[in-house]
Amino acid sequence: EKDGYPSFMEKEIHDQPEAVAATLLGRSDIDGKLTLDEMRIDADVLKTVNKIIVLACGTSAYAGQVAKYAIEHWCRIPTEVELSHEFRYRDPIVDEKTLIVSLSQSGETMDTLMAVRYAREQGAKTVAICNTNGSTIPRESDAVLYTHAGPEIAVASTKAFLAQITAAYLLGLYLAQLRGNLFQGQIKDILADLAKVPAKIAQVLDNDQQIKDLARSMSDARSVLFLGRHVGFPVAMEGALKLKELAYIHAEGFAAGELKHGPIALIEEGQPVFVVVPSPRGRDSLHAKVVSNIQEVRARGAKTIVIAEEGDESVRAHAEHVFYIPETTTLLAPLLATVPLQIFACELATAKGYDVDQPRNLAKSVTVE
Ligand code: BG6
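Rules behind the numbers
- Residues numbered from 1 in each chain as written.
- Predicted model: local features only at pLDDT ≥ 70, side-chain atom pairs only at ≥ 80, totals over all residues.
- Heavy atoms only, no water.
- UniProt positions renumbered as here; feature names shortened; annotations may be inferred.
- Salt bridge = Lys/Arg side-chain N within 4 Å of Asp/Glu carboxyl O.
- Buried < 20%, exposed > 50% of the residue type's maximum accessible area, 1.4 Å probe, protein only.
- Helix = DSSP H or I, 4+ residues; strand = E, 2+ residues; numbered from the N terminus.
- Pairing = 2+ DSSP bridges.
- Axes fitted to C-alpha atoms, helices over the stretch in contact; angles between N-to-C directions.
- Contact = heavy atoms within 4.5 Å.
- Near = heavy atom within 4 Å.
- Polar contact = N/O pair within 3.5 Å; in protein donor to acceptor, adjacent residues only side chain to side chain.
- Areas by Shrake-Rupley, 256 points an atom, 1.4 Å probe, with all protein chains shown as cover.
- Nonpolar A, V, L, I, M, F, W, Y, C, P; charged D, E, K, R; others polar.

Under an unreviewed UniProt entry, the protein chain has the name Glutamine--fructose-6-phosphate aminotransferase [isomerizing] and belongs to Arthrobacter silviterrae. The UniProt entry for the protein chain carries the following comment under Subunit (unreviewed entry): "Homodimer."

J.: Can you help me understand the pattern of salt bridges in this one?
T.: Side-chain pairs of opposite charge can arise whenever the charged atoms involved come near each other. Tallying each qualifying case throughout the model produces 18 salt bridges. Salt-bridge contacts for Arg90 lead to Glu82; the nearest nitrogen and oxygen are separated by 2.4 Å. Given a relative accessible area of 14%, Glu82 falls into the buried group. For Glu347, the salt bridge identified is with Arg216, shortest N-O distance 2.6 Å. Separated by 131 residues along the polypeptide, Glu347 in helix α14 (residues 334-351) and Arg216 in helix α11 (residues 209-217) bring together distant segments of the chain. With relative accessibility at 8%, the residue Glu347 sits in the buried group. Judged by its relative accessible area of 43%, Arg216 falls in the partly exposed class. When salt bridges that share partners are traced, they join Lys51, Glu80, Glu82 and Arg90 into one network.

J.: Looking at this structure, I do not really get the sheet that holds strand β6 (residues 223-228). What am I missing?
T.: In any sheet, the strands associate via hydrogen bonds between backbone groups, in a parallel or an antiparallel arrangement. As summarised here, the arrangement of the 5 strands in space is β7-β6-β8-β9-β10, forming an open sheet in which the pairing is parallel. Among the strands making up the open sheet, the edge pair consists of β7 (250-255) and β10 (321-325). Recorded for the sheet is a direction-independent mean angle of 20° between the axes of neighbouring strands. In terms of strand pairing, β6 meets strand β8 (residues 272-276) through 3 bridges, oriented parallel. Pairing of Phe226 across the sheet is with Phe274, part of β8. Seen against the sheet, helix α12 (residues 232-247) touches β6, β7 and β8 and runs at an angle of roughly 175° to β7.

J.: Hey, could you run me through the pairing of β8 in this one?
T.: On a regular strand, one side chain projects to one face of the sheet and the next to the other, so that they alternate. Along β8, 5 of the 5 residues are buried, which leaves the element largely enclosed by surrounding structure. Residues Pro272, Phe274 and Val276 point to one face of β8 and Val273 and Val275 to the other, with burial holding for every one of them. Sheet topology note: the β8/strand β9 (residues 303-309) ladder contains 5 bridges and is parallel. If you follow Val275 over to β9, its bridge partner there is Val306.

J.: Hey, could you run me through the environment of Arg229 in this one?
T.: As for its position among the elements, Arg229 is in the loop between β6 and α12. Spatially, the C-alpha atom of Arg229 lies 10 Å from that of Asn293, the residues being 64 residues apart in sequence. The contact partners of Arg229, leaving out residues within four places of it in the chain, are Ala256, Gly257, Leu286, Lys289 and Val290.

J.: Any chance you could explain the site of the ligand here in plain terms?
T.: The local shell around the ligand holds 13 residues, among which Ser60, Ser104, Gln105, Ser106 and Thr109 are the closest. The contact in question runs from an oxygen atom of the ligand to an N or O atom on the backbone of Ala363, over 3.1 Å. For the ligand, the accessible surface in isolation is 390 Å², of which the surrounding protein chains cover 92%. The class makeup of the residues in the shell around the ligand is 5 nonpolar, 7 polar and 1 charged.

Structure below.
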């Protein structure tokens, strides 16, 4: 069942092209018109939604943070992402015009279930993005959008994360279609870019030797930092989380723009810093800003490890190691940039002799609050 891989985690990392492809399958027609079968909320209600709150825990919450950038950009609906267990206890503002989007691989996370129940009681409509058919959260929600990543066995999430981003993007495009925020042709183009992602993930997986070698050489690292900006920020946090969960190494993800407001004080000689660099073709000047962040940490002795888009030569001069991912749009890049970080954590933990499928102290689904 591990398909010849030494661990479920490695198998599931390699399942990712299929997880994304299966999640996209059958949800749009040739003109890019989306049909979400289990979206049992009236179109009229969805048209009046004036706020989206994404609820999730752990890796699923980082998928939510990625999705926020896309949903706000495409739908122009203010979107918050909140950890389920924080949400309920802060007297949140929720009413009939609030759309709750829960993200849960298992569909059984008690914190998320309780948050969804609470929001429903306040009159909100709830959509579950979930990987487990018939589980509790989708059963208790108004609508469901299943990710089709297949069963995820390893405790730390990999393929479910990419499938959650994919599904949340489909939901965002669906709302944009319904509310007229995007032209059908624009939606079609975005779906065409999404359809190319699985083959690009496969390319990253085929070129994993360099990142594995790096991971093996870093098994005595005591702390690793991750920087990213825009959608690269939640990717950085997910990279850090994977390293904590699998390799028990202290790791933190920061927004690159926040560096000079605090975290740069941590940088000393030899500190490894991963930097997720946005595409140089992207809008604004984000690329240049992140490149200058690399220079800033390097000038203070950091060992810089960069994830950048193929063809981006500007980062080479500032990085000890560069890992290239195939070209895609800014919003789709997390589906590629996350993969080397997963491989890094998995390989490093394996080098240390740890059980990557069942890390200490963690459970696959946490059914207590
Ligand atoms: C944690 C798991 O307990 O729950 C994580 O170890 C997971 O991997 C998180 O991301 C949330 O789980 P779910 O099933 O709600 O996505």
